[in-house]
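Structural characterization, general
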Amino acid sequence: MSKFLKTFLFASLVFAPFTASAVTVASWGGAYTESQQKAYADTYSDPSSIVFENYNGGLGEVRAQVESGSVTWDLVDVLPSDAITGCDEGLFEDISSEIAANAVPGPDGESMAEDMENNGLEYHSGWDCCVPQIFWTYVVFYDPDAFPGEKPNSMADFFDTEKFPGKRGIHTWATGIIEKAMVADGVKPNAVPTVLANQTGAIDRAFEVMDRIKDDVVFWSAGSQPLELVKSGEVIMSVAYNGRVGAANLAEGENFEYIWEGQVLDQEYLCLTAGAPNREAALDFMWHASTPEAQAEQAKYITYGPMRASGIPIIKAGEPFGPGGVEIMPHMPNTPDRLAVSIVSDPQWWSDYGAEINERYAAWMAN
Amino acid sequence: MEVTISTAELLTTDGIPLKQSLRKAERRNKLRAFLLVFPLLLFIIVTFVMPIGDMLLRSVDDSQINSVFSNTFDEYKNWDKEADELPPEEVYKSLFFELANGDKRQIGKALTRMNYAKSGWKSLIKKTTREIKKIVKKGEEPVSYKDTFIKINKLWADPTYWYSFNQMVSERSSIYYWNAIDRTFDKDGDVVLQDEKRRMYMNTWIRTFKVSIYVTIFCLILGFPVAHLLANLPLRYSNLLMIFVLLPFWTSLLVRTTAWIVMLQQNGVINGILVWLGVISDDGRIQMVYNEAGTLIAMTQILLPFMILPLYSVMRVIPKSHMRAAQNLGAKPAMAFWRVYLPQTIPGISAGGLLVFVLAIGYFITPELVGGKDGKLIGSWIAYHLRTTLNWGLCAALGGILLGIMLIFYWLYNKIVGIDNIKLG
């Protein structure tokens, strides 16, 4: 046997027990996973026991793992609609009783669920299998240098090409855009989910508003694209993930401005895969990663807001909270005054109508 | 003189008839050959035949939901839609018990499926199940199951929800294939066009073909002269030039796609040069990316090596003397090229064309990034349904159609050019 092979076999024997017990967390990669590594794993009692792996979102791979019986991901970082579907289908394990018993309560003794409800969230079946992470948002941003005169500051401005001529960047799927169009049409941001769910013709209304800018749209599909589009002057303003804009402002010295009105907040959950190989260790990490402290900590590294309401005071008390003495609160999407003009995306409604609306959106884009 | 023919069998030295011995040896050889290829065969079966078979099965399989709602579906088939506006009481009753007693996960999977048939099923069933469980817990026996349902949610009195059952009531179903070409089943189970606003698969199919065919043609037009030049230059020059063909080939797909965005966008390099040269005005910058044009340009460049390489390898072995001989016999250069040279490159053109076309038709990442408003191909939709909606039946149907079309093209190709005429080098 070659020396190399011997060393390899020996090494795998020695390290096998460690690698086997590491909790594998599938997440989105990039700056986001880096912030999770720093805020959740590095502050954990045993940082080396947490391993992050990148994936592209969705439940496709999770379903394949669970159906084939070879589960390698213990935890998966998912969008709320996927948390709901995954929990309903049994791809994620129902741990509602364990969450009730073990999740760390807020400072005033409120349960984790109550803490989230204080942030304007409503229970959905994803809460039975998952613990909360952060709010991220679809926000419109622009380079103030591109507007020597009046600057846009509302959704009505975003959809008004006469007042602000020039191209706009929006994404190639419908989530977020539909809600923004409703706000531009005069619906109060907080009322948008209710109107979408209960009013016939609401969708048609949204598409009519979107028609106004259709000839002036550049469609992007990857999160880094809107920043390039605005920086290069390809578009005058664009929808983007707020964390990307925050990173450009904080780390790259950009000076982008946000239009907080009509921002669409979406949620992010950490869910336990059914049949996870390291169930107990994974659960323990879930309790840690969902504490208000850990969620506030994550804001240091990416401008996504804690989903537990009690995380916000921790950031405020710690200001300047960011690395290098930067104030974080100006970039947080879920401060009370911003929440007042925001839409909290309704994951249940999107998991009901998402496929149909996305098909319609695609037809709209191409025509 | 008499010729005697020996009727005795020929025997080998150990007394076995020669015929038998030969047959045995041949059988042994065959077995050995089979054992040699067996691992590869097994590999192909496991990694190729089985997944494709599984995919094709999924595209017609609706057994999961039929096992969850078997009674309801049986009763549903008895509903006379002309006579009664809503299904009979038995349908509501069996649904009541199947929701009350069913396995939570199985119902969860089924309602993901139901939501493809009609948006809104998911939360309707979930809300209803919660209420039904409460009723069962209290031990009440509803007088009318129909009224109970409608009291829980008025949508249960909406026949359109019930009509969508038509898409799910058979275990083997063609619905996914119909959905993949913008069709669905109406209340009588007949195939009808999908709601006009969400019709987009047919357009995407047409676009996918159009782009694939264009990309193949562009690659041929651009690749042929390059391959010809490479094949006819002295080796030391052609090797150097070959690097220029291969370098992009080895570069990451994402890098090349992003590079095209930089080149083509409105404030990009090409538009900048055109404005500087005065060809177009500053306001008249051309939109060359985030649309179909961007997809065409980027895909052509990315797939070009797949055309050049087979062409080059075929052209290299065509003797130069053929062209000279043709001209010697009186043909003009164009005629010599057309009648003598070109026919000999057909194997390379076929190989390159088929290769580029096959790769283009299933292309995903590049169209996704530069496709923007109207440059996305069918691959994007397969990925979308695979990850986001989990509608694997539709994915499989889209894939099945893609496979079918490929086989048709292959058959056509075999008829016209002949599959023996293909040459990769």
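Residues numbered from 1 in each chain as written. Chains lettered and ligands numbered in written order. Predicted model: local features only at pLDDT ≥ 70, side-chain atom pairs only at ≥ 80, totals over all residues.

Section: the overall build of chain A
Heads up, the condition is: Helix and strand definitions follow DSSP, with helices as H or I runs of at least four residues and strands as E runs of at least two, each counted in order from the N terminus. Exposure criterion: with C-beta atoms placed from backbone coordinates, a residue whose C-beta has 20 or more other C-beta atoms within 10 Å is buried, one with 12 or fewer is exposed, and one in between is partly exposed. Distance between backbone-placed C-beta atoms decides contact: two residues are in contact if it is within 7 Å.
Secondary structure assignment for chain A yields 17 helices and 10 strands. Each of the three principal axes of chain A carries a C-alpha extent, and together these read 75 × 55 × 45 Å. The buried share of chain A, reckoned over its 367 residues, is 52%. Excluding contacts between residues fewer than 6 apart, the proportion of contacts in chain A whose partners are at least 24 apart in sequence is 77%.

Thoughts on the nonpolar core
Quick note on the threshold: Residues enter a nonpolar core if they are buried, belong to Ala, Val, Leu, Ile, Met, Phe, Trp, Tyr or Cys, and are joined to the set through C-beta atoms within 7 Å.
Among the nonpolar cores identified, the biggest contains 166 residues, and Leu75, Phe141, Cys271 and Leu272 of chain A together with Leu303 of chain B are the most heavily contacted of them. When residues in this core are grouped by element, the largest group, 13 residues, is from helix 14 (residues 292-316) of chain B. Sequence-distant contacts of Leu303 of chain B, defined by excluding residues within four places in its chain, comprise Val215, Cys219, Val356, Leu359 and Ala360 of chain B. Counting 22 residues, the second-largest nonpolar core is a separate cluster that includes Tyr92, Leu99, Met114 and Phe165 of chain B.

A short note on the environment of Ile178 of chain A
All names here are of chain A. Tracing the sequence through the fold places Ile178 in helix 8 (residues 177-184). Ile178 sits 86 residues away from Val264 along the chain, and the two C-alpha atoms are 9.8 Å apart. For Ile178, the contacting residues outside a window of four places in its chain are Ile203, Ala206 and Ile357.

Some details on the domain arrangement of chain A
Residues and elements named next belong to chain A. The condition that has to hold: Here the bounds of each domain stem from an automatic or database domain assignment. Each residue receives one of three labels: charged for Asp, Glu, Lys and Arg, nonpolar for Ala, Val, Leu, Ile, Met, Phe, Trp, Tyr, Cys and Pro, and polar for the others, Gly being one of them.
Examined at the domain level, chain A breaks down into domain 1 (3-136 + 267-336) and domain 2 (137-265 + 342-366). Just the C-alpha atoms count here: the centres of domain 1 and domain 2 sit 28 Å apart. Tallying the contact residues gives 19 residues for domain 1 and 17 residues for domain 2. Elements supplying a minimum of two residues to the side of domain 1 that touches domain 2: helix 2 (30-41), helix 4 (80-89) and strand 4 (130-142). Residue contributions to the side of domain 1 that touches domain 2 peak at four residues, all from helix 4. Grouping the constituent residues of the side of domain 1 that touches domain 2 by class yields 11 nonpolar, eight polar and no charged.

Structural notes on the interface of chain A and chain B
With 30 residues of chain A in contact, the opposing surface of chain B contributes 31 residues. Elements represented by at least two residues in the side of chain A that touches chain B include exactly helix 3 (60-68), helix 4, strand 6 (217-220) and helix 17 (347-366) of chain A. No other element matches the 12 residues that helix 17 of chain A contributes to the side of chain A that touches chain B. Among the residues forming the side of chain A that touches chain B, the class breakdown is 11 nonpolar, 11 polar and eight charged.

Things to note about the packing of helix 12 (residues 253-264) of chain B against helix 14 of chain B
Residue and element names in this part refer to chain B. Heads up, the rule is: To obtain each axis, a line is fitted to C-alpha atoms, and for helices this fit is confined to the stretch in contact; angles are then taken between N-to-C directions over 0 to 180 degrees. The cut-offs work like this: below 35 degrees is roughly parallel, past 145 is roughly antiparallel, 65 to 115 is roughly perpendicular, and the gaps in between are oblique. Crossings are classed by handedness, with left-handed meaning an anticlockwise turn of the near helix from the far one by less than a right angle and right-handed meaning a clockwise turn.
Running from N to C, helix 12 and helix 14 cross one another at 135°; their axes reach a closest spacing of 10 Å. Viewed along their axes, helix 12 and helix 14 adopt a mutual orientation that is oblique. Our pair here, helix 12 against helix 14, has a crossing hand that is right-handed. Contacts from Leu253, Arg256, Thr257, Trp260 and Leu264 of helix 12 reach helix 14 at Gly294, Ile297, Ala298 and Ile302. Residues of the contact of helix 12 with helix 14, tallied by class, amount to six nonpolar, two polar and one charged.

Topic: the packing of helix 4 (residues 89-101) of chain B against helix 7 (residues 145-152) of chain B
A packed helix pair is summarised by two numbers, namely the angle formed by the two axes and the spacing between the axes. Residue and element names in this part refer to chain B. Running from N to C, helix 4 and helix 7 point in directions that differ by 65°, and their axes come no closer than 8 Å. One finds that helix 4 runs roughly perpendicular with respect to helix 7. Every residue of helix 7 that contacts helix 4 at Glu89, Tyr92, Lys93 and Phe96 is listed here: Tyr145, Lys146 and Phe149. Counted by class, the contact of helix 4 with helix 7 contains four nonpolar, no polar and three charged residues.

Overview of the domain arrangement of chain B
One can read the domain layout of chain B as domain 1 (16-52), domain 2 (63-169) and domain 3 (205-421). A straight line from the C-alpha centre of domain 2 of chain B to that of domain 3 of chain B covers 52 Å.

Quick notes on unusual backbone geometry
The omega angle of the peptide bond from Glu319 of chain A to Pro320 of chain A is -10°, so this bond is cis rather than trans. Relative to the assigned elements, Pro320 of chain A resides in the loop between helix 15 (311-318) and helix 16 (336-339). Even without being glycine, Asp182 of chain B reaches a positive phi, approximately 65°. One can find Asp182 of chain B in the loop between helix 9 (175-179) and strand 1 (183-185).

Side note on the pairing of strand 8 (residues 257-272) of chain A
Residues and elements named next belong to chain A. Inclusion rule: Two strands qualify as a pair provided DSSP detects at least 2 bridges between them.
Taking burial as the measure, the 16 residues of strand 8 include 15 buried ones, the bulk of the element. In terms of strand pairing, strand 3 (residues 75-78) meets strand 8 through four bridges, oriented antiparallel. Looking across to strand 8, one finds that Val78 is bridged to Tyr269. Judged from the 10 bridges that link them, strand 4 and strand 8 form a sheet pairing that is antiparallel. Considered in strand 8, the bridge of Val140 is made with Ile259.

A look at helix 2 of chain A
Defined as follows: By definition here, a helix of n residues has an expected span of 1.5 Å times n minus one.
Taking 1.5 Å per residue, 12 residues should reach 16 Å; helix 2 of chain A reaches 15 Å between its end C-alpha atoms and fits that length. Turning to helix 2 of chain A, its buried residues are Tyr32, Ser35, Gln36, Ala39, Tyr40 and Ala41 of chain A.

Quick word on the confidence of the model for chain B
The condition that has to hold: Values of pLDDT, which run from 0 to 100, indicate the predictor's confidence residue by residue.
The share of residues in chain B with pLDDT of 70 or more is 97%, and the mean pLDDT across the chain is 90. Model confidence for the complex: the whole-complex pTM is 0.86, and ipTM, which rates the interface, is 0.85.

Some words on helix 13 (residues 279-289) of chain A
Heads up, the rule is: The directions from the helix axis to the C-beta atoms are what the arc is built from.
Among the residues of helix 13 of chain A, those classed as buried are Ala282, Leu283, Phe285, Met286 and Ala289 of chain A. All buried residues of helix 13 of chain A fall inside an arc of 165° around its axis, so they share one side.

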